[in-house]
Amino acid sequence: MRPVEASTYAPRVDSIFWMLTAASGAVILLVGTLVLFFSIKYRRGTATPRGPVPDRLSREVEIGWTAATAFAFLFFFWFAAVAETTQFEIPRKAMEIHVVAKQWMWKLEHPNGTREINTLHVPVGVPVRLVMTSQDVIHSFFVPAFRTKQDVLPGRYVEAWFEASKPGTYHLFCTEYCGTDHSRMGGGIVVQSQSDFARWIDAQPQGDSLADQGAVLFRRMGCTGCHGGSSRIRAPSLAGVFGRQQPLEGGGFVTADESYLRDSILLPNKQVVAGYQPVMPSYQGVASEDDLIRLIAYLKSQKVVSPRPEVGP
Ligand code: HEC
Ligand SMILES: [Cu+2]
């Protein structure tokens, strides 16, 4: 029985599998036939010539089969590499889901603040980008029906994406042995039609969006003390920081993505913004993974209002 293909990526992975199976089958058939053919042709008592093979023929055969297999494998490599690289090109308009793995559950959050545990609702036909981290050990997010599998590491963000192509409920597994209840660390992805999904998300208890919750934290954790407009300490304005090419102290640039923002909060001295003193305290151990998701959502929601002159050195 064929396993379900429920994402746009699944048929591509499967075609690699079928291609390799077909190629292996063809080789087995060829070798088997030749073994049979030669064992009959050269069986004892036949008058078939048994002298050495002419040099020229032997060379042609060598070059021929080496080239043919090399090209066949280059083709497989190309095909698989193209399929694989699409996994790193996350569509810009993708819906965003934050995933926090911990022993032994999956915590999932939608941008509007809706939280789920071990079950994730997504609409069909919409690319979904997963921003994942772990609170403890290494886990791995695996949805066989999507052919999506990504290790989830503590202390950093890893990304993956998928686009579900068929409504239904599909298994979610942790596929990295992570302790006693590893085998029970699973759940389901519920793929709904877009209208069903819209209805589902509307029916969830209305809380604040992640960005709004982040704004509260931003004040409560004292970030405004430095990053607020009227602070005495010189700190960069965080409006529009997300996605910017940030010049660093000591030269070089970094793209301000989620991982960079995360590091800026936990390890502020790792990459210091050009023209500023490394005076920001580390929030390691202060800001939880949940807090970080909210703070970053807030920073992402801050757009530049008006281009104002930088007061720089
Ligand atoms: C004591 C003052 C101070 C506090 C408090 C502070 N920061 Fe900072 N922050 C700075 C300074 C100075 C920089 C620039 C130097 C650097 O990159 O470390 C900075 C840099 C950053 C950057 C990188 C900005 C960029 O343009 O690339 C981010 C993101 C950031 N802070 C977020 C926060 C958040 C979130 C909080 C609250 C949890 C916070 N900061 C609290 C002083 C502060
Ligand atoms: Cu796990």
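Quick note: structure is the one above.
Residues numbered from 1 in each chain as written. Chains lettered and ligands numbered in written order. Predicted model: local features only at pLDDT ≥ 70, side-chain atom pairs only at ≥ 80, totals over all residues. Heavy atoms only, no water.

A. Local environment of the coordination of the copper ion (ligand 2). Coordination of the copper ion (ligand 2) by the protein comes from His139 (ND1), Cys174 (SG), Cys178 (SG) and Met185 (SD), over a distance range of 2.0 to 2.6 Å. Considering all four donor atoms around the copper ion (ligand 2), angles at the metal cover 89 to 125° and the coordination shape is tetrahedral. Coordination of the copper ion (ligand 2) draws on donor residues from a single chain, spaced H-x34-C-x3-C-x6-M in sequence. (Donors = N, O, S within 2.8 Å, 3.2 Å for Na, K, Ca; no water. Tetrahedral: all angles 85-135°; square planar, octahedral: opposite > 155°, others 65-115°.)

B. The arrangement of the pattern of salt bridges in detail. Counted under the stated rule, the structure contains 15 salt bridges. With its nearest N and O atoms 2.6 Å apart, the salt bridge here joins aspartate 14 to arginine 147. Of this pair, aspartate 14 sits in helix H1 (residues 10-41) while arginine 147 sits in the loop between strand E6 (139-143) and strand E7 (148-152), and the two are 133 residues apart along the sequence. No difference in accessibility class separates aspartate 14 from arginine 147, as the two residues are buried. In this structure, arginine 115 engages aspartate 290 in a salt bridge whose closest nitrogen and oxygen atoms are separated by 3.3 Å. (Salt bridge = Lys/Arg side-chain N within 4 Å of Asp/Glu carboxyl O. Helix = DSSP H or I, 4+ residues; strand = E, 2+ residues; numbered from the N terminus. Buried < 20%, exposed > 50% of the residue type's maximum accessible area, 1.4 Å probe, protein only.)

C. The sheet that holds strand E2 (residues 105-109), seen in detail. Taken in spatial order, the five strands line up as E3-E2-E1-E5-E8 in an open sheet, and their pairing is mixed. The open sheet has two edge strands with one neighbour each: strand E3 (115-117) and strand E8 (158-163). The sheet shows a mean angle of 25° between the axes of neighbouring strands, taken without regard to direction. Pairing of strand E5 (residues 127-134) with E8 involves six bridges; the strand directions are antiparallel. Bridging from a neighbouring strand, arginine 129 pairs with tryptophan 161 of E8. (Pairing = 2+ DSSP bridges. Axes fitted to C-alpha atoms, helices over the stretch in contact; angles between N-to-C directions.)

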